[in-house]
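Okay, here's what each chain looks like letter by letter:
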Amino acid sequence: MPKQRLAIIAGARTPQAKAFGKLAEVTAVELGVAALQATLQRANVAVEQVDEVVFGNVAGPPDAANIARVIALNAGIPFDRIAHTVNRNCASGMEAVVTAWQAIATGRAEVMIAGGSESMSQIPMLVRDATKGKLLELSRAKTLMSRIRATLAFRPRDLRPVAGVELGLTDPTCGLNMGQTAELLAEEFSISREEQDSYAVESHRKAIAASKRCFLSGEIVPLDHGGSELKLDIGPRDGQSLKQLAKLRPIFKSDGTVTAGNSCPLTDGATALLLTAESTAQRFTEQPLGYVTDYAIAGCDPRRMGLGPVFATAKLLQHTGLELNDFDLIEINEAFAAQVLACIQAMESPQFAREHLGRTAPLGKIDHDKLNVHGGAIALGHPVGASGARLVLTMARALRERGLRRGLVTLCVGGGQGFAMLIEAAVRSKE
C-alpha cells in the first residue's frame, strides 16, 4: 500500500439517468467533461494544476479510444498532461482511484483527477459475423451489377442487430449474464422474491429521502438537456411499493425471482474526484472531503460474482486488523437485491467463513442502519464505469456530514471479482 493516505480534495458527478432516457444523446465524453470541470470548480483549482487524468470506462466508445484522454483534452487539461483509461468492469471507477494513488505514491504526479464515465445508452448495436461479410462485399462492389448481387445476398436475419450491451453483461467464461448469476445466488441462499422486492423498496425510500433533504444534489452538477436543466437522478421513485413491484415478471428465468424492479437499471452517468497525497493536501483552499486509507481486490467464481464484496472485504479486514463493526457506514453496490442480501448472509455465516474465506469466524453482522443509507444502485442506477468513483464520493461526503469516522465501500465485479475500499473522514469525531 502507498504509505500516505490519499486525500479526496473535491468531487462531482452528473445526474444519473436510466439508459435510453434523458441522457441518451449525451456521450460518455460529455458526461466525463461535465464531472471533471465541476470538480475543478468546486476545488478552486485551475486546469494547469492537474498532472494526470485517469478514468474508468467499460463500454469503450468506438469514436473515443482512450476516453480519459479525450475527456481531459475536451475539459481543457493541457495537452502535455497524460491521461489513460482503466477497465475493471463494475469497479472501474474505483480502479481509477487506486491507479491515481499509485501514480502519486511513485512521484509521477502530485495532483490527479480520477473518475469514471459511462453512457450505456450509446453502447453500439452490432451485426452478426455473416452479415459483416456481406456488408464488406457490398462496400467493395464497384459496378451496378455487383452491388445488386451483393444486396440480394442479404436475408431478413441479417437485419436483426446484436445488442452490444447484452453481450457485455454476459460472462464469456461461464456463459451466464449478470441477472442469471443473481438468480443463482437467490436460489443458493434461499432469498425470496418478497425479500428482494422489500429491499428494493427500501433503496428507493432512502434515495428519495436523501434527495428531498438535498444531500445527493450536493454532489451533482446539473446538465443541460434539450434546453432544460437536469438537476437530479432519474431513477428513485417516490412511493415505490411492494404491490407495484409484485406485478413485474422475472426477466432472467421463467420461474425466477429477479425482476427489473429489484435489479439496478442500465444507467448513464459520470463522476470525477480531485486527489492528492495527504502531505500536499494543505496547498488547496478546500479541506479534503476524506481520505482513502486502504483497499483490497479479490477473485471469486464468475458464476457467483455477486459475492465478490465478501471476499474483498475479508482481505481488507485481514490487511487492516479491523472488524466489520468498526465501520460507521457501509456501501455495498446494489447490482441486484438478491446479490446484496446474499453478501449479508455470507458475511454472517460461520460455514461460509470456514469453507470459502479460510476463517474460523464469520466476518460479522451488518447493522442495516449503516448500510447504503442514501439508497443504492437499484434506485440511483449503476453506470458501470463510474459507480466505483460515485460510491467513494458519496461515502466521503456522508462521513463528513454525519461526523463519523470510517466507511467501507465495496462492490461486486462481473467476471468474478470484488473490490473493497476503506474511506476515513477528514475530521474525526470525538472518541
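I will try to describe carefully the structure that is included in this document. This structure is a prediction, so every number in the text was calculated from the model and none was measured.

### A short note on the overall build of the protein
For the protein, the count of helices and strands is 14 helices and 14 strands. Relative to the 2.2 N^0.38 estimate, which gives 22 Å for 431 residues, the radius of gyration of the protein is 22 Å and therefore close to what a compact globule would have. Principal-axis analysis of the C-alpha atoms places the extent of the protein at approximately 85 × 55 × 40 Å. Split into buried and exposed, the 431 residues of the protein put 55% on the buried side.

### A closer look at the environment of Gly308
Among the structural elements, Gly308 can be located in helix α10 (residues 308–320). The class of Gly308 is buried, set by a relative accessible area of 0%. The spatial distance from the C-alpha of Gly308 to the C-alpha of Leu411 is 6.9 Å, given a sequence separation of 103 residues. For Gly308, the residues in contact, after removing those within four places along its chain, are Cys300, Cys412, Gln417 and Gly418.

### Brief notes about the environment of Ser349
Secondary-structure assignment places Ser349 in the loop between α11 (337–348) and α12 (350–357). Expressed as a C-alpha distance, the spacing of Ser349 and Ala100, which sit 249 residues apart in the sequence, is 35 Å.

### Some thoughts on the layout of surface pockets
Gaps left between atoms show up when a probe the size of a water molecule is rolled over them. The space that makes up the largest pocket amounts to roughly 780 Å³. Every residue lining the largest pocket is counted, 33 residues in all, and those nearest its centre are Met120, Val165, Leu169, Met178 and Leu266. Sorting the residues of the lining of the largest pocket by element identifies α6 (164–168) and α7 (178–188) as the ones contributing at least two each. With four residues, α6 is the largest single contributor of residues to the lining of the largest pocket. Residues of the lining of the largest pocket, tallied by class, amount to 19 nonpolar, twelve polar and two charged.

### Observations concerning the packing of helix α8 (residues 193–212) against α11
At a minimum axis distance of 9 Å, the contact between α8 and α11 shows a crossing angle of 100 degrees. Relative to α11, the element α8 is oriented roughly perpendicular. Touching Glu195, Gln196 and Tyr199 of α8 are Ala337, Ala338, Val340 and Leu341, all from α11. Split into classes, the residues belonging to the contact of α8 with α11 amount to five nonpolar, one polar and one charged.

### Quick word on a nonpolar patch on the surface
A surface patch of nonpolar side chains, about 420 Å² in accessible area, is lined by Leu144, Met145, Ile148 and Leu152. Counting through the fold element by element, Met145 comes out in helix α5 (residues 144–152).

### Quick word on unusual backbone geometry
Notably, Asn44 is not glycine yet its phi reads approximately 55 degrees, a positive angle. Of note, Asn44 is situated in the loop between α1 (28–43) and β3 (52–56). The exposed category is assigned to Asn44, whose relative accessible area is 58%. Here Ser190, not a glycine, exhibits a phi torsion of approximately 55 degrees, which is positive. Turning to its location among the elements, Ser190 is positioned in the loop between α7 and α8.

### Let's talk about the side chain of Glu219
Mapping Glu219 onto the fold places it in the loop between α8 and β8 (223–225). A distance of 2.7 Å separates polar atoms of two side chains, one belonging to Glu219 and the other to Arg397. Leave out the neighbours within four places in its chain, and Glu219 touches Ala12, Arg13, Arg42, Arg390, Leu393, Thr394 and Arg397.

### Considering the pairing of strand β13 (residues 406–413)
Of all eight residues in β13, eight are buried, a share of seventy percent or more. Burial of the side chains of β13 extends over both faces: Arg406, Leu408, Thr410 and Cys412 are buried on one face and Gly407, Val409, Leu411 and Val413 on the other. Here four bridges tie strand β12 (residues 329–332) to β13, and the two strands are oriented parallel to one another. Looking across to β13, one finds that Glu331 is bridged to Val409. Sheet topology places β13 next to strand β14 (residues 417–425); eight bridges connect them, and they run antiparallel. Along β14, the bridge assignment pairs Val409 with Met421. Hairpin connection between β13 and β14: a loop of three residues separates the two successive antiparallel strands, and Gly415 in this loop has a positive phi of roughly 100 degrees.

### Looking at the nonpolar core
In terms of nonpolar packing, the biggest core is built from 45 residues, with Met421 and Ile423 touching the most fellow members. In contact with Ile423, not counting residues within four places along its chain, are Tyr291, Val292, Val392, Met395, Ala396, Leu399, Arg405, Arg406, Gly407 and Val409. Formed by 41 residues, the second largest nonpolar core is a distinct cluster that contains Leu185, Ile191, Phe311 and Ala312.

What counts as what
Residues numbered from 1 in each chain as written. Predicted model: local features only at pLDDT ≥ 70, side-chain atom pairs only at ≥ 80, totals over all residues. Heavy atoms only, no water. Helix = DSSP H or I, 4+ residues; strand = E, 2+ residues; numbered from the N terminus. Rg over C-alpha atoms; globule rule 2.2 N^0.38 Å. Buried < 20%, exposed > 50% of the residue type's maximum accessible area, 1.4 Å probe, protein only. Contact = heavy atoms within 4.5 Å. 1 Å grid on protein atoms, 1.4 Å probe; cavity = no way out; pocket = protein on both sides within 12 Å on 5 of 7 lines; lining within 4 Å. Points joined across faces, edges and corners; volume = space filled by probe spheres on them. Nonpolar A, V, L, I, M, F, W, Y, C, P; charged D, E, K, R; others polar. Axes fitted to C-alpha atoms, helices over the stretch in contact; angles between N-to-C directions. Parallel < 35°, antiparallel > 145°, perpendicular 65-115°, else oblique. Patch = residues over 30% accessible without salt bridge, like charges linked within 9 Å, V, L, I, M, F, W, Y side chains within 5 Å. Areas by Shrake-Rupley, 256 points an atom, 1.4 Å probe, with all protein chains shown as cover. Salt bridge = Lys/Arg side-chain N within 4 Å of Asp/Glu carboxyl O. Polar contact = N/O pair within 3.5 Å; in protein donor to acceptor, adjacent residues only side chain to side chain. Pairing = 2+ DSSP bridges. Core = buried A, V, L, I, M, F, W, Y, C linked by side-chain atoms within 4.5 Å.

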